[in-house]
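# Descriptive structure summary
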Amino acid sequence: VGSLVLGTVGWWIWSQVAMQNAWDAAVAEAEQDIPRWRLMELEADPPTVPDAENSALQIIKVYRLIRVANLGASKNFEQIFEKLTPTTQLNSQQINVIRVDFAKILPGGLDEARKLKDMPRGRFPIKYSDDFISSLIPEHQNARGVGYLLQHDAYLLAQDRKDDAAMGSCRAILNTGRSMQDDLFLISLLIRIALHAMCCDTLERVLAQGTPSEDARHKVQTALEQEAEGNSLYHGMR
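So, here is what we can say about the structure in this document. Since the structure is predicted, the reported quantities are computational estimates derived from the model, not experimental observations.

Here we come to the packing of aromatic side chains. According to the stated counting rule, one finds six aromatic pairs in the structure shown. Judged by centre distance (6.0 Å) and plane angle (20°), the rings of Tyr128 and Phe132 are stacked. Seen in terms of ring centroids, Tyr128 and Phe185 are 5.8 Å apart; in terms of plane orientation they differ by 15°. Their pairing is stacked. Linking Tyr128 in the loop between α6 (109–114) and α7 (138–159) with Phe185 in the loop between α8 (163–178) and α9 (186–209), this pair joins segments that are 57 residues apart in sequence. Relative accessible area serves as the criterion here: at 16%, Tyr128 is assigned to the buried category. One aromatic cluster is present, formed by Phe77, Phe81 and Tyr148 through successive ring pairs. We note Arg205 situated over the ring of Tyr155; from NZ or CZ to the ring centre the distance is 5.3 Å.

Here it is, written out as C-alpha cells:
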C-alpha cells in the first residue's frame with residue numbers, strides 16, 4: 001500500500017512539473033511571435049476607432065433598420081437569381097423582387113448602408129466570457145445581411161447605369177468585412193472572407209454591366225490592394 005501511495009504521489013508531482021514546463025515552453029514560444037500575446041493585451045493594442053468612423057457601429061445601426069425587411073426571404077428567391085451571370089441584365093421579375101424587399105426597409109437604411117464605402121476601419125464591442133469559447137458575437141453574423149443588402153443595391157444601380165454609385169456599394173461591402181480585421185475570433189475571419197468574395201462577385205457584375213469612371217475604379221482597386229496587403233489568415237489563426 002505504501003508503495004502505491006508513494007507511486008501515486010510521485011506521478012502527481014511529475015505531472016505537475018511536466019505541465020508547468022510545457023506551459024513555460026508555450027509562453028516562451030508565444031512571446032517570440034508577439035510579446036503581448038494574451039487576450040486582453042491583444043484586445044487593447046489596436047488603435048481606437050472614433051465612433052463617427054467606426055464601420056462596426058455603422059453595421060449595427062444599419063442592421064437595425066433593415067432586419068425587418070427579411071431580405072431574400074421571398075418565395076423561390078434563390079431560384080430566381082440562380083442563373084444570373086455578370087453580363088446578363090436583370091429581368092423584370094428579378095428587379096421587382098429586389099425592389100419589393102427594399103420597400104420594407106425602415107427609412108434611411110439604404111443610405112446609411114452606403115456610407116460604409118468611406119468607413120474602412122471598425123471595432124465591434126465584444127463582451128468576452130470567462131472561458132472565451134462561449135463568447136457570443138451576433139453582430140458579426142448580422143454583417144452578412146448588410147453585405148447582402150449592398151450587393152443587391154449595386155445590382156440595381158448597375159442596371160440603372162449608375163455605375164460609380166454601384167462601385168461605391170462594392171467598396172461598402174468590402175469595408176463591411178474589414179470591420180472585423182482586428183477581431184480575435186476565427187469566425188470573424190471566415191465572415192470577412194465571405195464578404196470579400198461577395199464584393200468581388202458584385203464588382204465583376206458592375207464592371208460587366210457598365211463603364212465606371214477612372215476615379216471610381218481607382219478607389220476600388222486601392223481598397224482591394226489594401227485588403228490584400230494584410231495577413232488576415234495569420235491573424236485569425238493566431
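Further notes follow.
Moving on, we come to the environment of Gly108. Here Gly108 shows up in the loop between α5 (92–103) and α6. A C-alpha to C-alpha distance of 54 Å links Gly108 and Asp24, two positions 84 residues apart in sequence.

The biggest cluster of nonpolar side chains holds 43 residues, and the ones touching the most others in it are Ile66, Phe81, Phe102 and Leu149. Counting only elements with at least two residues in this core, the list comes to α3 (55–66), α4 (77–81), α5, α6, α7, α8 and α9. Residues within four places of Phe81 in sequence aside, it is in contact with Leu90, Gln94, Val97 and Ile98. Counting ten residues, the second largest nonpolar core, distinct from the first, contains Leu157, Met167, Val206 and Ala216.

The interhelical angle for the contact between α9 and helix α10 (residues 214–229), taken along N-to-C directions, is 155°, at an axis separation of 13 Å. Put simply, α9 runs roughly antiparallel to α10. The handedness of the crossing between α9 and α10 is left-handed. Residues Arg192, His196, Cys199 and Leu203 of α9 form the contact with α10, whose participating residues are Val220, Leu224 and Glu227. Residues that form the contact of α9 with α10 fall into these classes: four nonpolar, one polar and two charged.

Our focus in this paragraph is the pattern of salt bridges. Applying the stated rule across the entire model yields 15 salt bridges. One salt bridge connects Glu112 with Lys115, and the closest N-O pair in it is separated by 3.0 Å. Judged by relative accessible area, Glu112 falls into the buried class, the value being 14%. A salt bridge links Asp153 to Arg114; its shortest N-O distance comes to 2.7 Å. Pair noted here: Asp153 is in helix α7 and Arg114 is in helix α6, with a separation of 39 residues, a long-range link. Arg114 sits in the partly exposed class, given a relative accessible area of 28%. Through salt bridges with shared partners, one network takes in Lys61, Glu112 and Lys115.

Criteria and cut-off values
- Here, residues in each chain are numbered from 1, in the same order as that chain's written sequence.
- Restriction of local features to residues with pLDDT of at least 70 applies here, the model being predicted, together with a cutoff of 80 or more for giving and counting side-chain atom pairs; totals for whole chains, interfaces and linings are based on all residues.
- Excluding hydrogens and water, the side-chain values take into account all heavy atoms of the structure.
- Pairing of aromatic side chains here covers Phe, Tyr and the six-membered ring of Trp, requires ring centres within 6.5 Å, and sorts the geometry by plane angle: under 30 degrees stacked, over 60 edge-to-face, intermediate tilted.
- Runs of E in the DSSP output that reach at least two residues are strands. Runs of H or I that reach at least four are helices, and both are numbered from the N terminus.
- Only protein chains enter the accessibility calculation, which uses a 1.4 Å probe; a residue whose area is less than 20% of its type maximum is buried, one above 50% is exposed, and one in between is partly exposed.
- Any Lys NZ or Arg CZ that is within 6 Å of a ring centre and within 35 degrees of that ring's normal is treated as a charge sitting over the ring.
- What we call a nonpolar core is a set of buried Ala, Val, Leu, Ile, Met, Phe, Trp, Tyr and Cys residues that are connected through their side-chain atoms within 4.5 Å.
- A contact between two residues is defined here by any heavy atoms of the two lying within 4.5 Å.
- Axis definition: a line fit to C-alpha positions, over the contact stretch in the case of helices; interaxial angles, taken between N-to-C directions, run 0 to 180 degrees.
- Angle categories: roughly parallel below 35 degrees, roughly antiparallel above 145, roughly perpendicular from 65 to 115, and oblique for all the rest.
- Less than a right angle of anticlockwise turn of the near helix away from the far helix marks a crossing as left-handed, whereas a clockwise turn marks it as right-handed.
- Gly counts as polar in this scheme, as do all residues outside two lists: the nonpolar Ala, Val, Leu, Ile, Met, Phe, Trp, Tyr, Cys and Pro, and the charged Asp, Glu, Lys and Arg.
- Each reported salt bridge corresponds to a side-chain nitrogen of Lys or Arg within 4 Å of a carboxyl oxygen of Asp or Glu.

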